[in-house]
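Report on the structure
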Amino acid sequence: MSISFVHKLDFYTMFSTLSDSAQSALAETFGVVDVEVKWERPQDPSHGDAATPVALQCAKKAGKSPREIADRLVEVLSAESDIEKAEVAGPGYVNIWLTTDALIRTLGTVRSACTAKVKRENEAPVIIEYSQPNIAKPLGVHHILSTVIGQSLANVSRHLGYNTVTINHLGDWGTQFGKLAVALEKWGEKPVDVCTLDDLLELYVRFHKEVENDPTLEDAGREAFRKLEEGDPDLRKFWQSVVDITMQEMQTLYDRLHITFDYTQGESFYEDKMQPVINEGKEKGVFIEGEGGALIVEFSEESNMPPAIVVKADGATIYLTRDLATILYRVSTIKPQAISYVVDVAQSLHFKQLFATVEKLGWDLPRLEHVVFGRMSFADKSMSTRKGNILKLQDVLDEAHKRALIVINEHGEKIQTDDVDQLAEIMGQGAVVYGVLSQNRKMDMIFDWDKALSFDGNSAPYLQYTHARAKSIVEKAGGLEGIESIDSLSTKERLVLNTLLQFSGVLHDMQRSSMPHILANYLYELCRDYNSFYNEDPILKADEPARSFRVHLTNLTADVLKTGADILTISVPDRM
Ligand code: ARG
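Residues numbered from 1 in each chain as written. Predicted model: local features only at pLDDT ≥ 70, side-chain atom pairs only at ≥ 80, totals over all residues. Heavy atoms only, no water.

1. Description of the overall build of the chain
The condition that has to hold: Note on conventions: DSSP H or I runs of at least 4 residues are helices, E runs of at least 2 residues are strands, and numbering of each starts at the N terminus. The cut-offs for exposure are 20% and 50% of the maximum accessible area for each residue type, with area from a 1.4 Å probe on protein chains only; residues under the lower value are buried, those over the upper are exposed, and the others partly exposed. Between two residues, a contact is recorded if the distance between any of their heavy atoms is within 4.5 Å. The protein chains shown are the only cover counted for residues, whose accessible areas, like all others here, come from Shrake-Rupley with a 1.4 Å probe. Neither His nor the chain termini are counted; the positive set is Lys and Arg, and the negative set is Asp and Glu. A charged residue contributes its charge at one atom only: NZ of Lys, CZ of Arg, CG of Asp or CD of Glu.
Counting its secondary structure elements, the chain contains 21 helices and 15 strands. The principal-axis extents of the C-alpha atoms in the chain amount to approximately 85 × 65 × 40 Å. Counting over 576 residues, the chain shows a buried share of 54%. Nonlocal contacts in the chain, meaning residues at least 24 apart in sequence, comprise 74% of its contacts between residues at least 6 apart. Put simply, the chain shows about 26,500 Å² of open surface, and 48% of that area lies on carbon and sulfur atoms. Of note, the chain has its 60 positive side-chain charges centred 1 Å away from the centre of its 85 negative side-chain charges.

Structure below.
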């Protein structure tokens, strides 16, 4: 019989069958119902392919010792045809070993996990909003966080078939435009449409310096913005130029980072959509009069939140007002089931107030989530003390490229490529992005160049190199042969197989928890396991059927690494 790698038996279907028989045994023998039998992968592979702590969990309910329950489960599970061996371990864990046949049959699921699922058109979309830079300033290095976390979440969501809509909610409205207009008029050396982003930044910085000695500038800025809001044609033209200049420069960076959006809708887009929301809030008594005639929202005592301003005393709307209008617009046009906002943890209060306000308004709401992330700092202090107050993302990517070139040269013959410059770009971009995505986004992150560009650590080059190695083995093998049945697996084959089988679960975990580091760390683990297999078991020099089977394992490893890297916005070369 030859084994075909088609989707025959879903790994998870198999485990749910095993869970079902364990569950009925628990009900029949011990009268325990309503327990979920969950399977984990043991840390130590010598403890089996999967383990469940369910006996420990339901011992109290059953009034029996965990050991006694585990013994019964072992008895029941041993009778399952996919299980080779089941054992009680420790105080009451049940460890199982799958049959070689069952393990190999499930490989088809790994292949299907690499193919993007068909989009579920009939399901309400999920909106993921990310990047959201403020116009008229270059992208700073901190912008990479929202940008790549958001893009990777969008990618995994699409890969799993969710109807996914991505939005770049630009900060393209607000008094800063008035200030910039004043600065240009006073100190500008050329017309706005020939300014670069750096020129604009310089003007903006100058404004803030000069305002310390001349507070009337502040009023002039506010006045200019008011005129812009009223539609002054010159100021509108000025504003449009500033937006265009910024977007052009940002697009270059987005292209370098593989970032795309379905919609780029900035705050200015909601300019004419706020009044209905303000009226509704007033009518419903949610927006009440605050100090000096401002319009505010108050929150319950338990929520521990200060009141939020919706309209300022001078009648100006603010960030929150625009976010309220944004939700209403998205709910009525896109009808999403969820909206995720990938934004700095510093804006937690804003989002809490926003979500509480829309709830008070009684709108029919999707699930709203603030996907937070911490700060990023450089282990290398020279990166944070550059001149000016902003470390530009472009400079960081250029630096990454430069450092990657050095690393490539240092490795000499070990690295093969037809295009050194392209490889340096892929490695540099990968190193920066992976350096971000491999860390738990909820914590502050430290970025370390040496770690990020290392060839044998938890890094992009390691992943890229392992992918290229696997690809070259498949190529040298001369393609994939059908394989005869395998009687037994070597320890390392089993290790790689088991790790590959986790892939689909990992993607679902990443999507559910919005945590990209789950996937990044999994890919690292797969590289490690594959490389230890490569170092121990001969592949091309092995006898059949082991040779063909190992080439298949190698090919699947390459596919999983590529699929995972793509989701993380990282390129993996076929050769390096
Ligand atoms: N532009 C804002 C900033 O840079 C972030 C926008 C976040 N999204 C939102 N819907 N409020 O601070």
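2. Let's talk about the pairing of strand β5 (residues 126-129)
Stated precisely, the cut-off is as follows: Two strands make a pair as long as DSSP finds a minimum of two bridges between them. Note on handedness: a crossover is taken as right-handed if, strands pointing away from the viewer, the path from the first strand over the helix to the second is clockwise.
Burial along β5 is two-sided: the face carrying V126 and I128 and the face carrying I127 and E129 are both buried. Judged from the four bridges that link them, β5 and strand β6 (residues 164-168) form a sheet pairing that is parallel. Looking at β6, one finds that E129 is bridged to I167. As a crossover connection, the stretch from β5 through helix α6 (residues 143-159) into β6 is right-handed. Alignment of β5 against strand β11 (residues 338-344), held across four bridges, turns out to be parallel. Across the sheet, the residue bridging to E129 is Y341, located in β11.

3. Section: empty space enclosed by the protein
What counts here: Within this scheme a cavity is a closed region of a 1 Å grid, computed over the protein atoms alone, that accommodates a 1.4 Å probe without allowing it to escape, whereas a pocket is open but has protein on both sides within 12 Å along at least five of seven lines; lining residues each have an atom within 4 Å of a point. Grid points are joined across faces, edges and corners, and a volume is the space filled by probe spheres set on the points. When residues are sorted by character, Ala, Val, Leu, Ile, Met, Phe, Trp, Tyr, Cys and Pro go into the nonpolar class, Asp, Glu, Lys and Arg into the charged class, and all the rest, Gly among them, into the polar class.
In this structure the tally under the stated criterion is one cavity of 30 Å³ or more. Its boundaries defined by the atoms lining it, the largest cavity holds a volume of some 40 Å³. Taken together, P138, L139, L197, E249, M250, L253, K392 and Q394 make up the lining of the largest cavity. Of all the elements, helix α10 (residues 233-257) adds the most residues to the lining of the largest cavity, at three residues. Across the lining of the largest cavity, the residue classes break down as five nonpolar, one polar and two charged.

4. With respect to the packing of helix α19 (residues 503-513) against helix α21 (residues 546-567)
Heads up, the rule is: Axis definition: a line fitted to C-alpha atoms, over the contacting stretch in the case of helices. Angles run 0 to 180 degrees between N-to-C directions. Between 65 and 115 degrees an angle is taken as roughly perpendicular, under 35 as roughly parallel, over 145 as roughly antiparallel, and anywhere else as oblique.
One can describe the packing of α19 onto α21 by two numbers: an axis separation of 12 Å at closest approach and a directional angle of 10°. Between α19 and α21, the angle is such that the two are roughly parallel. Residue-level inspection shows F503, L507 and M510 of α19 in contact with α21, the latter providing V560, T563, G564 and I567. Among the residues making up the contact of α19 with α21, the classes are represented as five nonpolar, two polar and no charged.

5. Some words on the confidence of the model for the chain
Note the cut-off: Values of pLDDT, ranging from 0 to 100, describe the predictor's confidence in every residue of the model.
Averaged over all residues, the pLDDT of the chain equals 92, while 96% of them reach at least 70. Here residues 1-9 is a poorly scored stretch, pLDDT under 50, and it has 24 contacts once near neighbours within four places are set aside; other chains count.

6. Thoughts on the pairing of β6
Among the five residues in β6, five count as buried, and that is most of the element. The alternating pattern of β6 places T164, T166 and N168 and V165 and I167 on opposite faces, both of which are buried. Alignment of β6 against strand β7 (residues 263-264), held across two bridges, turns out to be parallel. In the sheet register, I167 faces β7, and the bridge partner there is Y263.

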